[in-house]
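# Structural overview
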Amino acid sequence: MSEPIRVLVADDNRTDRLLLSKIVALEGHQVISAVDGVDALEKFRAARPQIVLLDALMPKLDGFEVARQIRREAGDAFIPIIFLTSLTEADELARCLTAGGDDFLSKPYNSLILRAKITALDRMRQLHATMQDQRDEIAQYNARLLREQEAAKDIFDSVAHSGCLAANNIRHLISPLAVFNGDVVLAARNPAGSMYVLLGDFTGHGLTASIGAMPLAEIFYGMTQKGFHLADVLRECNRKLKDILPVGYFCCATMVDFNFQKGTVEVWSGGLPDAYVTRSGGDPTVAVVSRHLPLGVIATEKFDGSTEVYELAPGDRLLMCTDGLLESRNGDGEMFGSERLMQILERHRGGDACFEALRTAAYAHMGEQRREDDLTLVEVTMLDEHEIDAPMPNYVASGQIGPRDWSLSFQLGPTSLKEFNPLPLLQHVLMEVPALRIRGGVIFTVLSELYTNALDHGVIGLSSVVKSTANGFASYYQRRLDALNALVDGFVRFEFVSRASDSGGYLKIRVIDSGRGFDVAALHARRADETGAYHGRGLNLLYQLCDSLTFEGCGNDVEAAFYWGDGSDGSA
Amino acid sequence: MTIRSEVSADGFGLTIAVEGRFDFSAHRDFRETYERLDAEPKAFTVDMRETTYLDSSALGMLLLLRDHAGGDAAEVKIVNCNPDVRKILTISNFEQLFEIR
Amino acid sequence: MTSKQRFIGATAAMARLDPTQINALRGLMCDDFDALIDAFRTDSAAQLEAIVQAVARCDSTGLRLQAHSLKGACANLGADDLAELCGRIEHLGRAGGCAEAEMLLGALHIELRAVSAALAELMSRSLFPPAD
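Residues numbered from 1 in each chain as written. Chains lettered and ligands numbered in written order. Predicted model: local features only at pLDDT ≥ 70, side-chain atom pairs only at ≥ 80, totals over all residues. Heavy atoms only, no water.

## A short note on the state of the cysteines
Residue and element names in this part refer to chain C. Applied cut-off: Disulfides are defined as cysteine sulfur pairs within 2.5 Å. Starting at the N terminus, helices and strands are each numbered in turn, a helix being any DSSP run of H or I of at least four residues and a strand any DSSP run of E of at least two.
This model, assessed by the stated rule, comprises one disulfide over all chains. Across the disulfide, C58 is cross-linked to C98 (sulfur-sulfur distance 1.9 Å). Sign of the S-S torsion, about 90° for the bond between C58 and C98, identifies this disulfide as right-handed. Placement of C58 in the loop between α3 (33–57) and α4 (60–76) and of C98 in helix α6 (residues 98–124) is noted, with a sequence separation of 40 residues between them.

Next up, the structure:
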């Protein structure tokens, strides 16, 4: 005997009704009787039986119509319907089932058979109900997962897509669902005003692919803001990713340093397809090939941070993409490919329309196979410094007050000069002084300029004239690297003095190098008829940025000063 | 995608051949060729003669193999690469970690 | 009544009712057996009247429904001959044959009266005693 349930018995003949009710009641079920079709529907709505026994042929509303209505009102629930019939033709019996009945029972009623049918159908009903519960549970679980993914996406977006991506010289295409394909684009300015942009493609898929983007972004933004060099940022990123990612997981990346003052872009590429330098002036497009392993593969000691430098005039661009674009397929299974990409670049030769043309072509190629979730493209344009519209970094100092009267002497010998970049550290110290924070960018630029001059021209003795020749940059950087590696003696010393009071203060930066100096007077004379050569620009820049600039000794001793307020230390 | 493997007669070398697409679906089979071995080969060769396609998860699997084989001290060769496979390995600069032919 | 009369009555009743079915009903309904019989006797008389009316009006739908309903009840009570007769009338009702249906009305009357009488016998005493 099965669990007691409510059974509706609808038959217009009293005799049949009595008989049926008895059979059903004997099984332990609760019987609800109805005398015709209309009564059957009313009783159904009121009592919500689990099983319905319906006479096929009834006055007012026949069984078939009642069955239809019951099905409709039952909605998702499964209410078995057994048609009671003394119809004998096969097609009439079949009609019982097609009209929405689940079984039929012929007259004369056989008590055993009816009871067996009720049991069997009730079992089906319970099975159906169980499956619906499971379905609902799954749907709820799914909805929760989707909400969690939405939240993850928001966190990802705020970490991985912040910075200065909205700058007027950056255009990018990245899927709103990039959190699931592992692509990340980061952009930020460093204190000197240069723009670092990193394009990354993490292996794997789903959220696990993107989890590495969090620490990567933290390191990128943190170190860029402090003024670290491209290679240092990448070395730290590589170290972190190697640390946290399992073996076999890595991040293909290309990182660039756009220096608007110098008109150069420095590039490091590991594992991504070729990036392209396109020039508006008609020079051929240059492919920037990946020369390094992706981030997170190799140990820190073996990390190679070597970069390539290209000169760019305003209007020239660098374009980078992940393999999603090149590997996207059209309806025939053909890939987009790098030839197609090159053709579009050639056709638009460094022009403004290039990016849009590329995007249109990519979508056209994919057509209905459209999978935008794997298309990541970034274009960075070289502009004059004053045309750049992108926020500069904010400094967060460790305390409110900072040091008010202090001095610092910091000297680097040959080993340090080879291996260590002192600028971020020194900048960090200077930024502890509240009044200097607002001029952080300027101070960093001056610090870099003084250091570069002291090291390159002072200690190493390179002439900057080389840079302005055709192949100048590449060969300059190579020679610099060689000379630096070969360094056995020499030094660069920084001396800082700073005083601050409530009414004002000053910072003096003195940089002394072990070089032979230069003809200061001659340089100043040349400066008068400035032709735009790099070295002249450097000196002009210093004069513009500092409140005062003086050369001592044989030119290997420079002091730059900054004043604020009444410029005194309050001791007057 | 099928993976076949063979240990050399002297037990020192293991050759793994990947036929078809070398992608995420190959993960378990690939690992099993070198993880459950009685022999302890010292030299590993991945034969790409029949490999039609390689994606980043395949690169990951190669790194796992190299790690298993001793990391920096490992001897792992990747041979018989067709141009497409070669291209992908070149872009990733894997010749810095593997001997590629 | 003498036992001989009872026997003749029993034979006549047996010819019109299926003993297996009747015994099953008795076993099923128990104390409600009489109520079931009573319901049938009352309702079937009314249904007969309705059939006569339907034929007179030549209402083929009404004729069909009533004959069908009665047929079902008859079958449930083991009155197979009567059920078969109702079936023929139902069929004629579908085909719209009022005239032919009228010709069967006489037989219907007789058969129903006989069945009703047989059922009445069952009520007052056990015509088909259970086999013990």
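Next, the rest of the story.
## Topic: the interface of chain B and chain A
Frequently, the measure chosen for interface size is the accessible area that the parts lose on association. Under the convention used in this document: By definition in these notes, contact holds between two residues if any of their heavy atoms fall within 4.5 Å. Buried area: the accessible area, evaluated with a 1.4 Å probe, that two parts lose upon being put together, summed over both parts. Basic side-chain nitrogens of Lys or Arg form a salt bridge, by our definition, when they fall within 4 Å of a carboxyl oxygen of Asp or Glu. Residues adjacent in sequence count toward polar contacts only when both atoms are side-chain atoms; beyond that, a polar contact is any pair of N or O atoms within 3.5 Å, and within protein one must be able to donate a hydrogen and the other to accept it.
With 16 residues of chain B at the interface, the matching set in chain A holds 17 residues. Buried surface at the junction of chain B and chain A, summed over both partners, amounts to about 1300 Å²; 61% is from carbon and sulfur atoms. When residues of chain B are sorted by the area they lose upon contact with chain A, L63, I91 and N93 of chain B head the list and together hold 31% of the total. Along the contact surface separating chain B from chain A lie one salt bridge. Here K302 of chain A and D72 of chain B are joined by a salt bridge, their closest N and O atoms 2.8 Å apart. On inspection of chain B and its partner chain A, the count reaches five residue pairs in polar contact (both at pLDDT 80 or more). Those elements that place two or more of their residues in the side of chain B that touches chain A are α2 (56–68) and α3 (83–91) of chain B. Sorting elements by how many residues they give to the side of chain B that touches chain A places α2 of chain B first, with six residues.

## Quick word on the sheet that holds strand β6 (residues 170–173) of chain A
Residues and elements named next belong to chain A. Put simply, the test is: At least two DSSP bridges between two strands are needed for those strands to be called paired. Here an axis means a line fitted to C-alpha atoms, over the contact stretch when the element is a helix, while the angle between two N-to-C directions is reported on a 0 to 180 degree scale.
Across the sheet, which stays open at both edges, the five strands sit in the order β6-β15-β14-β11-β12 with antiparallel pairing between neighbours. The two strands at the open ends of the sheet, each matched to only one other strand, are β6 and β12 (286–288). Sheet twist, expressed as the average angle between the axes of neighbouring strands with direction ignored, equals 15°. Sitting on the sheet, helix α10 (residues 337–348) is in contact with β11 (275–278) and β14 (317–321), with an inclination near 15° to β11. Here helix α11 (residues 354–366) sits on the sheet and contacts β6, β14 and β15 (377–381); the angle it forms with β6, its principal contact strand, is near 5°.

## Concerning the interface of chain A and chain C
The following threshold applies: As a working rule, the residues Ala, Val, Leu, Ile, Met, Phe, Trp, Tyr, Cys and Pro are called nonpolar, Asp, Glu, Lys and Arg charged, and the rest polar, with Gly in that last group.
Contact with chain A, which involves 18 residues of that partner, is made by 24 residues of chain C. A salt bridge links K22 of chain A to D32 of chain C; its shortest N-O distance comes to 2.9 Å. Sorting elements by how many residues they give to the side of chain A that touches chain C places helix α1 (residues 14–26) of chain A first, with eight residues. In terms of residue class, the side of chain A that touches chain C is made up of eight nonpolar, four polar and six charged.

## Remarks on the packing of α1 of chain A against helix α5 (residues 111–160) of chain A
Residue and element names in this part refer to chain A. Formally: Each angle receives one of four descriptions, namely roughly parallel if under 35 degrees, roughly antiparallel if over 145, roughly perpendicular if within 65 to 115, and oblique otherwise. For any helix crossing, the convention is left-handed if the near helix is rotated counterclockwise from the far helix by under a right angle, and right-handed if that rotation is clockwise.
Their axes nearest at 10 Å, the elements α1 and α5 cross at an angle of 55°. The orientation of α1 with respect to α5, classified from their angle, is oblique. Here α1 and α5 pass one another in a crossing that is right-handed. Of the residues in α5, those touching α1 at L20, I23 and V24 are S111, L114, R115 and I118.

## Considerations on the sheet that holds strand β1 (residues 6–10) of chain A
All names here are of chain A. Taken together, five strands build an open sheet; the order of strands is β2-β1-β3-β4-β5 and the sheet is parallel. Two strands lie at the open edges of the sheet, namely β2 (30–34) and β5 (103–106), each paired on one side alone. Going from strand to strand, the sheet's axes swing by 20° on average, the running direction of each strand aside. Sheet topology places β1 next to strand β3 (residues 51–55); four bridges connect them, and they run parallel. Across the sheet, V9 pairs through a bridge with L53, a residue of β3. Along the sheet, helix α2 (residues 37–47) contacts β1, β2 and β3; its crossing angle with β2, the most-contacted strand, is approximately 145°. With respect to the sheet, helix α4 (residues 90–98) is in contact with β4 (81–85) and β5, its orientation differing from that of β5 by roughly 140°.

## A few points about the pairing of β3 of chain A
All names here are of chain A. So the rule is basically this: Only protein chains enter the accessibility calculation, which uses a 1.4 Å probe. A residue is then buried if its area is under 20% of the maximum for its type, exposed if over 50%, and partly exposed in between. Orienting the strands away from the viewer, one traces the path from the first strand over the helix to the second; a clockwise path indicates a right-handed crossover.
Within β3, five of the five residues are buried, which leaves it mostly tucked inside the rest of the structure. Burial along β3 is two-sided: I51, L53 and D55 and V52 and L54, pointing in opposite directions, are all buried. Note: β3 against β4, four bridges, orientation parallel. By the bridge assignment, D55 is partnered in β4 with L84. Between the parallel pair β3 and β4, the chain is carried across by helix α3 (residues 63–74), and the sense of this crossover is right-handed.

## Focus: the pattern of salt bridges
All names here are of chain A. Under the defined criterion, the tally for this structure stands at 42 salt bridges over all chains. Across the pair D39 and K43 runs a salt bridge whose closest N-O atoms are separated by 3.2 Å. Taken together, the positions of D39 and K43, both in helix α2 and four residues apart, correspond to about one turn of that helix. The exposure class assigned to D39 is buried, which follows from its relative accessible area of 15%. Between R317 and E379 there is a salt bridge, with the nearest N and O atoms lying 3.1 Å from each other. Pair noted here: R317 is in strand β14 and E379 is in strand β15, with a separation of 62 residues, a long-range link. Residue R317 shares its accessibility class with E379, and that shared class is buried.

## Observations regarding the side chain of E266 of chain A
Residues and elements named next belong to chain A. Put simply, the test is: When charges are tallied, Lys and Arg are placed among the positive residues and Asp and Glu among the negative ones, while His and the ends of the chain are skipped.
With respect to the helices and strands, E266 occurs in strand β10 (residues 264–270). Despite its burial, E266 pairs with no opposite charge, the nearest such side chain being K262 at 7.2 Å. If we skip the residues at most four places from it in the chain, E266 touches H229, L230, M255, V256, D257, T307, E308 and V309.

## Looking at the environment of D32 of chain C
Following the sequence through the fold, D32 of chain C ends up in the loop between α2 (19–29) and α3. Residue classification places D32 of chain C among the partly exposed positions, given a relative accessible area of 36%. Within the structure, D32 of chain C has its side chain in polar contact with the side chain of K22 of chain A (distance 2.9 Å).

## Thoughts on the packing of α2 of chain A against α3 of chain A
All names here are of chain A. Look at α2 against α3: their axes get within 10 Å of each other, and the N-to-C directions meet at 15°. As judged from the angle between their axes, α2 and α3 are roughly parallel. The two elements α2 and α3 cross, and the hand of that crossing is right-handed. Facing α2, whose interface residues are G37, A40, L41, F44 and R45, α3 presents V66, Q69, I70 and E73. Within the contact of α2 with α3, the residues separate by chemical class into five nonpolar, two polar and two charged.

## Some thoughts on the packing of aromatic side chains
All names here are of chain A. In plain terms, the rule: Only rings of Phe, Tyr and Trp enter the pairing, Trp through its six-membered ring, and a pair is recorded when the two centres are within 6.5 Å. The plane angle decides the type: under 30 degrees is stacked, over 60 is edge-to-face, the rest tilted. Criterion for a charge above a ring: Arg CZ or Lys NZ at most 6 Å from the ring centre, at most 35 degrees from the ring normal.
All told, the structure shown has 11 aromatic pairs over all chains when counted by the stated rule. On the numbers, 6.5 Å between centres and 35° between planes, the contact of W406 with F496 is tilted. With W406 in strand β16 (residues 405–412) and F496 in strand β17 (residues 492–500), this pair connects stretches of sequence that are 90 residues apart. Comparing W406 with F496 shows no difference in burial state: the two are buried. Members of the aromatic cluster, each reached through a chain of ring pairs, are W406, Y451, F494 and F496. Of note, K117 hangs over the ring of F104, and the distance from its end group to the ring centre comes to 5.7 Å. Lying over the aromatic face of F336, R340 brings its terminal NZ or CZ to 5.7 Å of the ring centre.

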